[in-house]
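# Chains, contacts and geometry: an overview
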Amino acid sequence: MIVPLTAYLVVGAILFAIAVYTVVAQRSAVMVLMGIELLLNAVGLNIVAFWRFVRPDDYSAQIFTIFIITIGAVEMAIGLGIMMMIYRQRRTVQVDKFTELRG
Amino acid sequence: MSVAGIVEIIAFASSAFIAVAGALGMATTMSMFRSAIFLMASFMGVAGLFILLSADLLGLLQILMYIGGMLVMALFMVLFMPDPGGAMMAAMPEMMTPIGRFFSLGLLPENSHAAAAEMSGAHAEHDTHADHGGGHGTHARHQDAEHQRGRERKEGDDAHGGGDHHAHGAQGGSHGMGHMDMSDMSMVTPVRAWAAWLAVATGCVIVGLLVLRPSWPVSSALPDPRSADQVGSLLMDKYMVGFEAAGFLILIGIVGAVLAAHSGQHPDHRDREARVAVNAPPPPIEADFLEPLSQPLRDDDKCSPAPDGGHANHHAGGEGPT
């Protein structure tokens, strides 16, 4: 392995930072969901990198990543279902239009 | 340095570049559709990194799950959005950041009458479905995009819950009523600058901590080249409860998504009322200059309440008692 562990972790950190920007700055709920997917992806990349370099004989890390992917899929499906419901009632899914709960 | 090492470095560099550039494009481009495609590229890059880390199963799963499944859902939702192609924002590149301008290159701006007419036509189709008579939708075909924006703005105000203008006024400085039309079309919130600085700070802190940290206890052991076998047996042995729980979670998720997206479960927006299929005779058509039918076209016309329903009455009224 020529490429060190830190390189993978740096890539994961950059992806994480970009995803944080997306989640905070985008107005559309679809884009926020895409940012969350990217967050999960960055975390998965970190886990797999640590598995490969630190504990390559223990495959629990891959199982964990599979669970992350599963949870991401379920979250995407439910999020899109909620978004369709909201769109039907409000004609918009822009997240800063929903301010009813603001005190 | 061996050939394998050079190949590995090249593979890592290209995969990491695809992943990071795709994520950056996803975050900054003004077209939502293009942003979904950029996200797909980013997932591809991460899948390449997985394979490079000798986690082949995860790389394949990544492509199958994210690109095959979720991104199709995301594209489906993107097509629901107003202005999915970013045509409105492409007309005003001075509102984009430089990097957003780079990733939005080639977007067709909405400056020609053709684009405006097309968009207005698309909205008028909505109106045609929304109107009860169907005849009122034609006038919407002639309204220009400016009027359309005004209507969207009005609907946005309606979304605040019955003219709750107080909450609207408190929505932050650059979001007031004055230049509402400018900020309302963009894909980003008014806190974009803060978010950008937050992201840069997050990235710098994490990368700095990673670089400054003393080296990790790296093991020199090689993973099993058939790691998928190991993962499968572990999934069926040690993590069986978690595996079953994940399956159950997917089941609940599917049912919940179907229930949430199910129409008729919740009261619809009033504009959408007429678009839901209802079991009622359609309203009679006024003055279509066609000679009336002597027989109903289909057999299921008999199912409607025959002589006093509006539809049947209309057809029978022109012909008289036959």
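Keep in mind that this is a model prediction, so the values were computed, not measured. (Residues numbered from 1 in each chain as written. Chains lettered and ligands numbered in written order. Predicted model: local features only at pLDDT ≥ 70, side-chain atom pairs only at ≥ 80, totals over all residues. Heavy atoms only, no water.)

## A closer look at the interface of chain A and chain B
For an interface, size is often stated in terms of accessible area lost upon the parts coming together. Contacts between chain A and chain B engage 77 residues on the former and 100 residues on the latter. Taking both sides of the interface into account, the surface hidden between chain A and chain B amounts to around 8,000 Å²; carbon and sulfur atoms contribute 74%. Between the two partners, chain A and chain B, sit zero salt bridges. There are eight residue pairs in polar contact (both at pLDDT 80 or more) connecting chain A and chain B. Put simply, the parts of the chain that give the side of chain A that touches chain B at least two residues each are helix 1 (5-25), helix 2 (29-53) and helix 3 (60-90) of chain A. Residue classes in the side of chain A that touches chain B are distributed as 50 nonpolar, 17 polar and 10 charged. (Contact = heavy atoms within 4.5 Å. Buried area = accessible area lost by both parts, 1.4 Å probe. Salt bridge = Lys/Arg side-chain N within 4 Å of Asp/Glu carboxyl O. Polar contact = N/O pair within 3.5 Å; in protein donor to acceptor, adjacent residues only side chain to side chain. Helix = DSSP H or I, 4+ residues; strand = E, 2+ residues; numbered from the N terminus. Nonpolar A, V, L, I, M, F, W, Y, C, P; charged D, E, K, R; others polar.)

## Observations concerning the side chain of B:T28
Residues and elements named next belong to chain B. Relative to the helices and strands, T28 is located in helix 1 (residues 3-28). Reaching out from T28, the side chain makes a polar contact with the backbone oxygen of L24 at a distance of 2.8 Å. Every residue in contact with T28, bar those within four places of it in the chain, is listed here: I99, G100, F103 and S104.

## Concerning the nonpolar core
Most often, soluble globular proteins keep nonpolar side chains buried together rather than apart. Ranked by size, the top nonpolar core spans 75 residues in total, and within it A:Y8, A:L15, A:M34, A:L38, A:M83 and B:F12 carry the most contacts. Among the elements of the structure, helix 1, helix 2 and helix 3 of chain A together with helix 1, helix 2 (32-52), helix 3 (56-78), helix 11 (192-212) and helix 12 (227-237) of chain B are those that each provide at least two residues to this core. Sorting elements by how many residues they give to this core places helix 2 of chain A first, with 14 residues. For this core, the domains that each give at least three residues are domain 1 (3-87) and domain 3 (226-265) of chain B. Leaving out residues up to four positions away in the same chain, A:L15 has contacts with A:L38, A:A42, A:L45, B:A19, B:V20, B:A23, B:S42 and B:V46. (Core = buried A, V, L, I, M, F, W, Y, C linked by side-chain atoms within 4.5 Å. Buried < 20%, exposed > 50% of the residue type's maximum accessible area, 1.4 Å probe, protein only. Domains from an automatic or database assignment.)

## Concerning the side chain of A:E37
Note on placement: A:E37 falls in helix 2. One buried charged side chain, A:E37, makes no salt bridge at all; its nearest oppositely charged neighbour is A:R88, positioned 20 Å away. Not counting residues up to four positions away in its chain, the partners in contact with A:E37 are A:G72, A:E75, A:M76, B:F43, B:Y66 and B:M70. (Lys, Arg positive; Asp, Glu negative; His and termini not counted.)

## What about a nonpolar patch on the surface?
There is a patch of nonpolar side chains on the surface, built from A:I2, B:M1, B:I6, B:I9 and B:I10 and spanning about 500 Å² of accessible area. If you trace the backbone, A:I2 turns up in the segment before helix 1. Relative accessible area serves as the criterion here: at 42%, A:I2 is assigned to the partly exposed category. (Patch = residues over 30% accessible without salt bridge, like charges linked within 9 Å, V, L, I, M, F, W, Y side chains within 5 Å. Areas by Shrake-Rupley, 256 points an atom, 1.4 Å probe, with all protein chains shown as cover.)

## With respect to the pattern of salt bridges
The tally for this structure, following the rule as stated, stands at three salt bridges over all chains. Measuring nitrogen to oxygen at the nearest pair gives 4.0 Å for the salt bridge that ties A:R55 to A:D58. Since its relative accessible area comes to 45%, A:R55 is described here as partly exposed. Across the pair B:D229 and B:R226 runs a salt bridge, and its minimum N-O distance is 2.7 Å.

## Observations concerning unusual backbone geometry
Residue and element names in this part refer to chain B. In this structure, S54 is a non-glycine residue whose phi angle is positive, near 55 degrees. With respect to the helices and strands, the residue S54 is situated in the loop between helix 2 and helix 3. Given a relative accessible area of 22%, S54 falls into the partly exposed group.

## Things to note about the packing of aromatic side chains
Following the criterion strictly, the structure yields five aromatic pairs over all chains and no others. Seen in terms of ring centroids, A:Y8 and B:F12 are 4.8 Å apart; in terms of plane orientation they differ by 70 degrees. Their pairing is edge-to-face. Pair noted here: A:Y8 is in helix 1 and B:F12 is in helix 1, and the two residues belong to different chains. You can call B:F12 buried: its relative accessible area is 12%. Seen in terms of ring centroids, B:F43 and B:Y66 are 4.4 Å apart; in terms of plane orientation they differ by 45 degrees. Their pairing is tilted. In this pair, B:F43 sits in helix 2 while B:Y66 sits in helix 3, placing the two residues 23 residues apart along the sequence. Take B:F43 and B:Y66: they sit in the same class, and that class is buried. (Phe/Tyr/Trp six-rings, centres within 6.5 Å; stacked < 30°, edge-to-face > 60°.)

## Focus on the confidence of the model for chain A
Confidence in the prediction of chain A, expressed as mean pLDDT, is 88, and 99% of residues score 70 or more. Helix 3 of chain A is the least confidently modelled element of chain A, averaging 87 in pLDDT, while helix 1 of chain A averages 92, the highest of any element. (pLDDT = per-residue confidence, 0-100.)

## Digging into the environment of A:F53
Relative to the assigned elements, A:F53 resides in helix 2. Separated by 52 residues in the primary sequence, A:F53 and A:M1 place their C-alpha atoms 9.0 Å from one another. Those residues in contact with A:F53 that sit more than four places away from it in its chain are A:M1, A:V3, A:P4, A:L5, A:Y8, B:L53, B:P217, B:V218 and B:S219.

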